[in-house]
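Single-letter residue listing:
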Amino acid sequence: MEEFMGSDDDFYYSDRDSLDGLENEEPDFQWVPPKGPTTKVITKESLLAAQREDLRRVMDLLSLREHHARTLLIHYRWDVEKLFSVFVEKGKASLFAEAGVTVVESQDDSLPLSSSSTIMCDICIEEVPGDKATRMDCSHCFCNDCWTEHFIVRINEGQSRRIRCMAHRCNAICDESVVRNLVSKRHPDLAEKFDRFLLESYIEDNKMVKWCPSTPHCGNAIRVEEDEFCEVECSCGLQFCFSCLLKAHSPCSCLMWELWVKKCRDESETVNWIMVHTKPCPKCHKPVEKNGGCNLVSCICGQAFCWLCGGATGRDHTWSRIADHSCGRYKEDREKKTERAKRDLYRYMHYHNRYKAHTDSFKLENKLRETMLEKVSISEERESKLRDFSWVTNGLYRLFRSRRVLSYSYPFAFYMFGEELFNDEMTDEERELKQHLFEDQQQQLEANVENLSKCLEEPFDQYSDDKVMKIRMQVINLSVITDSLCKKMYECIENDLLGSLQLGTHNIAPYKSKGIERASEFPACWNTKANTNDKYLPSDCGTSGGTSELDRPLRSGSSDDSGCSSRKRARKEGFGGALFDLNLPAEVIDRN
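Residues numbered from 1 in each chain as written. Predicted model: local features only at pLDDT ≥ 70, side-chain atom pairs only at ≥ 80, totals over all residues. Heavy atoms only, no water.

Under the annotation held in an unreviewed UniProt entry, the protein carries the name RBR-type E3 ubiquitin transferase and is attributed to Cephalotus follicularis. Reading the Pathway (unreviewed entry) entry of the UniProt record for the protein gives the comment "Protein modification; protein ubiquitination." As its UniProt record puts it under Cofactor (unreviewed entry), the protein is described as follows: "Zn(2+)". (UniProt positions renumbered as here; feature names shortened; annotations may be inferred.)

Given below as structure tokens:
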């Protein structure tokens, strides 16, 4: 499946496009260039470039140095648009205060301490020379030994991304260059670990970037640009749901698919079968299956009991009654429980059998690829007026895509019209009406998918040109029809079925005619402008703690030692990547 579906870019719908062109013959038609890939594969080599992209945007906008920009981005989970929104709505002071960023207001605070002076460290209560102490941006000053011990403890505790000042009730985040310099003098390996944590925070703290769930792990991370509820394909070929990291499962929601996988994997339906076809022994409580016509049954433990009511009895009986036992009274609760278990079992078997049938068909049809390519090769070698056989690969691809949508539509229907999730959301009349609407579309899609499969299995390499032309038009038409029916099914699910229900809990990945998008590689070398931070530092927003490090390579060489490679993603350009006038109202900025 993944092997074939992973080559989406290799298919061009020439026949489909020619048909679409006939339907859109408008004199003023304006061609719109196709959108580029909206997902990126971030590898170990491109992680630093992806992180620098967001850092540069924040640094240019707010005139900040790198460690302040990183502190802001980590606080807002690398959501640049949210950071900009808070800046426009609440202002710079509120933005900095919430994230723990403190800027130096006076030049005196940024000057290094003199070696001739001494200070009293409030932590160890000792006087130390000025060159043995460090003052942070928040103006708190302690000796280097206390700072170093504080940093080492925080890094070992896994708090490298946001190490706060040691002063009481001070929420300022310590300068990462100071942390790196002090820790590296005593523990160089720990300093590299600190750098690695800062680098990997781009993935760990970023909701729009996630590791590829491949097994064994390919080391890549995937970045989505627009919607986190989508299905993506990594460069390793794995297709998965970006939201739940399970295999692609639309039109099922993530919750529905997780429940379905669990239901198919565990013994829930086995328990239902046992409840329907067996009775528990009243002595040892083991399930006993009846294999004869007599209602007096015996367990392997030797206990005899009545099959009708499950009560313990003696071993003697006549043709009319069991000795010392009578169970003529009707017990409604027990009968209802048995009937309900039987109904639930039959309902599950109905949907599971159809889901498995289409899944098996998909696996068998996937093997048709080599056969179809052989047929195309034979047809091209013949002296024939037909030379374009792209309709074969396009039809085969459409068959795979539609078959998969059809197979996952049955788990969706199982939970959509069952009582597990939406029992209180719909009345019985509404549920019945929506079920008929969905099943009508499902039935239409199923019929056309089977017709498309039948046409593609025809031995067209042995047919005459006229018959091949007839099959060609049938495949093209069925490909267009199945694609249209898939779109309508998704629209029905999003608007008519889930639209008025718990949409926030049951988002589904949108349908794409060309299938799951293959993520493109994020460039490892991200070209940035010359780092001229000094001209971006007005007097009202100065900083201390060293120069910017965007042009200095981070110590990411040890990322392999952490057990997970540094494969990360870059963020979307919500503001076009360009600077804008901060004096404009928020509405104008959003509109631009």
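> Help me out: how do you make sense of the nonpolar core in this one?
Soluble globular proteins: nonpolar side chains tend toward being buried together. Counting 63 residues, the largest nonpolar core has Val58, Leu62, Leu72, Leu83, Leu95, Trp147 and Phe151 as its most contacted members. No other element matches helix 3 (residues 47-62), which puts nine residues into this core. Counting residues in hydrophobic clusters, the runner-up holds 55 residues, among them Leu396, Tyr415, Cys492 and Leu498. (Core = buried A, V, L, I, M, F, W, Y, C linked by side-chain atoms within 4.5 Å. Buried < 20%, exposed > 50% of the residue type's maximum accessible area, 1.4 Å probe, protein only. Helix = DSSP H or I, 4+ residues; strand = E, 2+ residues; numbered from the N terminus.)

> Please explain the sheet that holds strand 15 (residues 520-521) as it appears in this structure.
For sheets, the rule is that strands pair by backbone hydrogen bonds, running either parallel or antiparallel. Read from one edge of the open sheet, four strands run 6-7-1-15, paired in mixed fashion. The outermost strands of the open sheet, each flanked by one partner alone, are strand 6 (209-211) and strand 15. One ladder, built from two bridges, connects strand 1 (residues 39-42) with strand 15; its direction is parallel. Residue pairing for strand 15: Lys40 is matched across the bridge by Ser520. Packed on one face of the sheet, helix 10 (residues 188-204) meets strand 1, strand 6 and strand 7 (221-224) and runs near 100° to strand 6. (Pairing = 2+ DSSP bridges. Contact = heavy atoms within 4.5 Å. Axes fitted to C-alpha atoms, helices over the stretch in contact; angles between N-to-C directions.)

> Before we go on, may I ask you to explain the pattern of salt bridges in this structure?
When charged atoms on two side chains of opposite charge get close, those side chains can pair. Throughout the structure, instances matching the rule amount to 25 salt bridges. Here Glu66 and Arg70 are joined by a salt bridge, their closest N and O atoms 2.3 Å apart. Of this pair, Glu66 and Arg70 are both found in helix 4 (residues 66-75), four residues apart, which corresponds to roughly one turn of the helix. Given the relative accessible area of 1%, Arg70 is considered buried. Each of Glu66, Arg70, Glu176, Arg180 and Asp195 takes part in salt bridges that share partners, so that together they form one network. (Salt bridge = Lys/Arg side-chain N within 4 Å of Asp/Glu carboxyl O.)

> How do you make sense of the packing of helix 3 against helix 5 (residues 80-90) when you look at a structure like this?
How two helices sit against one another is set out by the angle between their axes and by the gap between those axes. Packing of helix 3 against helix 5 leaves a shortest axis separation of 11 Å and a crossing angle of 15°. Here helix 5 runs roughly parallel to helix 3, going by the angle between their axes. The element helix 3 and its partner helix 5 pack so that their crossing is right-handed. In this structure, helix 3 contributes Asp54, Arg57, Val58, Leu61 and Leu62 to the contact, and helix 5 contributes Val80, Glu81, Leu83, Phe84 and Phe87. Along the lines of polarity and charge, the residues of the contact of helix 3 with helix 5 split into seven nonpolar, no polar and three charged. (Parallel < 35°, antiparallel > 145°, perpendicular 65-115°, else oblique. Left-handed = near helix turned anticlockwise from the far one by under 90°. Nonpolar A, V, L, I, M, F, W, Y, C, P; charged D, E, K, R; others polar.)

> Explain unusual backbone geometry to me, please; I cannot follow it from the model alone.
Leaving glycine aside, a negative phi is the common case for residues, and trans is the common case for peptide bonds. A cis amide bond links Thr215 with the next residue in sequence, Pro216, at an omega value of -5°. Relative to the helices and strands, Pro216 is located in the loop between strand 6 and strand 7. For the bond from Ser250 to Pro251, the omega torsion is 15°, close enough to zero to count as cis. Tracing the sequence through the fold places Pro251 in the loop between strand 9 (239-241) and helix 11 (254-265). At Ser63, a residue that is not glycine, the phi angle is positive and equals roughly 55°.

> Is there a simple way to think about the pairing of strand 2 (residues 118-121) in this case?
Successive side chains on a regular strand alternate, one facing one side of the sheet and the next facing the other. Alternating positions in strand 2 separate cleanly, Ile119 and Cys121 being buried on one face and Thr118 and Met120 remaining unburied on the opposite face. In sequence, strand 2 turns back onto strand 3 (residues 126-129) through a hairpin of four residues, with Ile125 there showing a positive phi of about 55°.

> Honestly, the state of the cysteines in this entry has me stumped. Any pointers?
Any covalent bond linking the sulfur atoms of two cysteines counts as a disulfide. The full count for this structure, using the stated rule, is zero disulfides. With no disulfide of its own, Cys254 has Cys241 as its nearest cysteine by sulfur position, at a separation of 3.6 Å. (Disulfide = S-S within 2.5 Å.)

> Just to check I follow, could you spell out the environment of Val468 for this structure?
Position of Val468 relative to the elements: it lies in helix 17 (residues 465-497). On the basis of relative accessibility, which here comes to 2%, the residue Val468 falls in the buried class. C-alpha separation for the pair Val468 and Ser379, spaced 89 residues apart in sequence, amounts to 9.8 Å. Excluding residues that lie within four positions of it along the chain, Val468 makes contacts with Arg382, Leu386, Trp391, Phe460 and Tyr463.

> So what exactly am I meant to see when it comes to the sheet that holds strand 8 (residues 231-233) here?
On the basis of which strands lie adjacent, the open sheet formed by three strands has the order 9-8-14 and mixed pairing. In this open sheet, the two edge strands, each paired with only one partner strand, are strand 9 and strand 14 (517-518). Note: strand 8 against strand 14, two bridges, orientation parallel. The residue of strand 14 that forms the bridge with Glu233 is Arg518.

> Where do I start with the pairing of strand 3 in this structure?
In this sheet, strand 3 lies alongside strand 2 in antiparallel orientation, the contact comprising four bridges. From the neighbouring strand, Cys121 faces strand 3, where its bridge partner is Glu126.

> Hey, could you run me through the packing of helix 3 against helix 10 in this one?
Remark: helix 3 packs on helix 10, axes separated minimally by 10 Å, with the N-to-C direction vectors making an angle of 75°. Considered as vectors, helix 3 and helix 10 are oriented roughly perpendicular to each other. Taken together, the residues of helix 10 that come into contact with helix 3 (itself represented by Leu47, Leu48, Ala50, Gln51 and Asp54) are Leu198, Leu199, Ser201 and Tyr202. For the contact of helix 3 with helix 10, the class distribution of residues is six nonpolar, two polar and one charged.

> What should I look at first to understand the environment of Ile123 in this one?
Secondary-structure assignment places Ile123 in the loop between strand 2 and strand 3. In this structure Ile123 comes out as partly exposed when scored by relative accessible area, which is 42%. Setting aside residues up to four positions removed in sequence, Ile123 forms contacts with Phe142, Cys146 and Met166.

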